[in-house]
2 protein chains.
Amino acid sequence: MSTDLFPQAHSKHDLERGFALAPRFNADGLVVAVAQHADTGEILMLAWMNAEALKLTVETQIAHYFSRSRNELWKKGDTSGQLQDVVELRVDCDQDAVLLKVRPRGDGGACHVGFRSCFYRVLENGVLVEREAPLHDHA
Amino acid sequence: MSTDLFPQAHSKHDLERGFALAPRFNADGLVVAVAQHADTGEILMLAWMNAEALKLTVETQIAHYFSRSRNELWKKGDTSGQLQDVVELRVDCDQDAVLLKVRPRGDGGACHVGFRSCFYRVLENGVLVEREAPLHDHA
């Protein structure tokens, strides 16, 4: 899906080696975004961005996503206080995924269940095991 | 989309706090997978898995994905030698994303363009800047 907020890459070379951020939004107008803690390297969450969310993230240096369940722009932390200051923004080779290195504000968490990271469960011998305690009770 | 390879969570609590790996595949039968280097914490790539790929990854401890462009199971590294040994597999709160902590074999890279990580470009003042040299020439 094209957008007037970002250019489109006109060749494979431009897409992979070009200087222009030319994200390839999917049929729903979204790219996937991974948020990684800028200091610890921990993967905090995975979410989606539409063109508006990506543009706002670049402009404000605060992570904005698109909530697929609510079908609306989602400034992460607006209600929880877990705003994410963006230290670095990377894009992958075919520009359909974004990596944000962030510092979360508030209690430092990112997950609505109450954990610091959404990836709080490890598969061990076929069973999911929680590897950390929640920062706060399940909302 | 349901599959007979994995159970389905029957409640929000089971999905978020349960012991069963019960991935929520999207309408295309896929979950998104992030591969992170087990030792350095570097995000190497983002790809997709169908139920078969996820099951094979769990069983063999070698990362398997689903290639959306080729529409087939993709044992990463089968041709490049960049097989990924899976050290740890995590799932996120709503079980539609998987995090693999991996050690890549071969030249240690993951990106088809020739870089170690697919996220080799940083956005700086509106321009994409390559932050590392390729491991090998662009195929």
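Conventions we followed
Residues numbered from 1 in each chain as written. Chains lettered and ligands numbered in written order. Predicted model: local features only at pLDDT ≥ 70, side-chain atom pairs only at ≥ 80, totals over all residues. Heavy atoms only, no water. Helix = DSSP H or I, 4+ residues; strand = E, 2+ residues; numbered from the N terminus. Rg over C-alpha atoms; globule rule 2.2 N^0.38 Å. Buried < 20%, exposed > 50% of the residue type's maximum accessible area, 1.4 Å probe, protein only. Contact = heavy atoms within 4.5 Å. Areas by Shrake-Rupley, 256 points an atom, 1.4 Å probe, with all protein chains shown as cover. Lys, Arg positive; Asp, Glu negative; His and termini not counted. Charge placed at Lys NZ, Arg CZ, Asp CG, Glu CD. Phe/Tyr/Trp six-rings, centres within 6.5 Å; stacked < 30°, edge-to-face > 60°. Arc of directions from axis to C-beta. Pairing = 2+ DSSP bridges. Least-squares fit on C-alpha atoms with pLDDT ≥ 70 in both. Buried area = accessible area lost by both parts, 1.4 Å probe. Salt bridge = Lys/Arg side-chain N within 4 Å of Asp/Glu carboxyl O. Polar contact = N/O pair within 3.5 Å; in protein donor to acceptor, adjacent residues only side chain to side chain.

Visitor: It is not clear to me how the overall build of chain A should be interpreted in this structure. Could you clarify?
Guide: Per the secondary structure count, chain A includes two helices and eight strands. Reading the secondary structure of chain A in the N-to-C direction produces α-β-β-α-β-β-β-β-β-β. The C-alpha atoms of chain A give a radius of gyration of 16 Å, which matches the 14 Å a tight globule of 139 residues would have. Expressed as a percentage of its 139 residues, the buried residues of chain A come to 52%. Of all intrachain contacts in chain A linking residues separated by at least 6 positions in sequence, the fraction that spans at least 24 positions is 42%. Looking at chain A as shown, the accessible area adds up to about 6400 Å², and 48% of this sits on carbon and sulfur atoms. Each charge sign in chain A was given a centre, from 15 positive and 20 negative side chains, and these centres are 3 Å apart.

Visitor: I keep staring at the packing of aromatic side chains and nothing clicks. Help me out?
Guide: When we look at a pair of aromatic rings, we describe it by the centre distance and by the angle of the planes. Applying the stated criterion across every chain, the model contains seven aromatic pairs over all chains. Judged by centre distance (6.2 Å) and plane angle (45°), the ring pair of A:Phe6 and A:Phe25 falls under tilted. Here A:Phe6 is found in the segment before helix H1 (12-17), whereas its partner A:Phe25 is found in the loop between H1 and strand E1 (31-37), with 19 residues between them in sequence. A:Phe25 shares its class with A:Phe6; the two are buried. Measuring from ring centre to ring centre gives 6.1 Å for A:Trp48 and B:Trp48, while their planes differ by 35°; the resulting arrangement is tilted. Residue A:Trp48 is located in strand E2 (residues 43-49), and its partner B:Trp48 is located in strand E2 (residues 43-49); the two belong to separate chains. Since its relative accessible area comes to 10%, A:Trp48 is described here as buried.

Visitor: What's the story with helix H2 (residues 51-60) of chain A in this structure? I'm lost.
Guide: Because the α-helix completes a turn every 3.6 residues, residues three or four places apart line up on one side. Residue and element names in this part refer to chain A. The complete set of buried residues in H2 reads Ala 51, Ala 53, Leu 54 and Thr 57. Taken end-on, H2 shows its buried residues confined to a sector of 165°, consistent with a single buried face. Looking at the packing, one finds that the buried side of H2 touches E2, strand E3 (64-67), strand E4 (72-75), strand E5 (84-91) and strand E6 (97-104). Just downstream of H2 lies Gln 61, where phi reads positive at about 60°.

Visitor: I tried to follow the pairing of E3(A) on my own but got confused; where do I start?
Guide: Two faces belong to every sheet, and in a regular strand the side chains alternate between them. Residues and elements named next belong to chain A. Every second residue of E3 is oriented toward a common face, with His 64 and Phe 66 on one face and Tyr 65 and Ser 67 on the other, all of them buried. As paired elements, E3 and E4 share four bridges and run antiparallel to each other. In the strand pairing of E4, Tyr 65 is matched with Trp 74. Counting the residues between successive antiparallel strands, the hairpin from E3 to E4 contains four residues, one of them, Asn 71, with a positive phi of roughly 55°.

Visitor: Just to check I follow, could you spell out the relation of the copies chain A and chain B for this structure?
Guide: Each of the two chain copies goes to the other by way of a rotation about an axis and a shift along it. You can overlay chain A on chain B at an RMSD of 0.0 Å; the transform is a turn of 180° with a shift of 0.0 Å along its axis. Both copies of the chain, as the preceding transformation shows, are related through a two-fold rotation axis. Among all residues of chain A, the minimum C-alpha distance to the rotation axis is found for A:Gly41, at 2.8 Å. A shared interface surface links the copies, since 100% of the contact residues of chain A are contact residues in chain B too.

Visitor: Just checking my understanding: could you explain the interface of chain A and chain B for this structure?
Guide: Accessible area lost when the parts come together is the quantity often used to give the size of an interface. Contacts between chain A and chain B engage 46 residues on the former and 46 residues on the latter. Counting the surface chain A buries against chain B, the share from its top three residues, A:Arg17, A:Phe119 and A:Arg121, is 18%. Linking B:Arg131 and A:Glu88 is a salt bridge whose minimum nitrogen-to-oxygen distance equals 3.5 Å. The interface formed by chain A and chain B includes 30 residue pairs in polar contact (both at pLDDT 80 or more). The set of elements that each furnish at least two residues to the side of chain A that touches chain B consists of H1, E1, E2, E5, E6, strand E7 (121-124) and strand E8 (127-130) of chain A. For the side of chain A that touches chain B, the element with the most residues is H1(A), which contributes five residues. Direction of pairing for E7(A) relative to strand E5 (residues 84-91) of chain B: antiparallel, over a ladder of two bridges. Residue pairing across strands places A:Arg121 opposite B:Val91, the latter belonging to E5(B).

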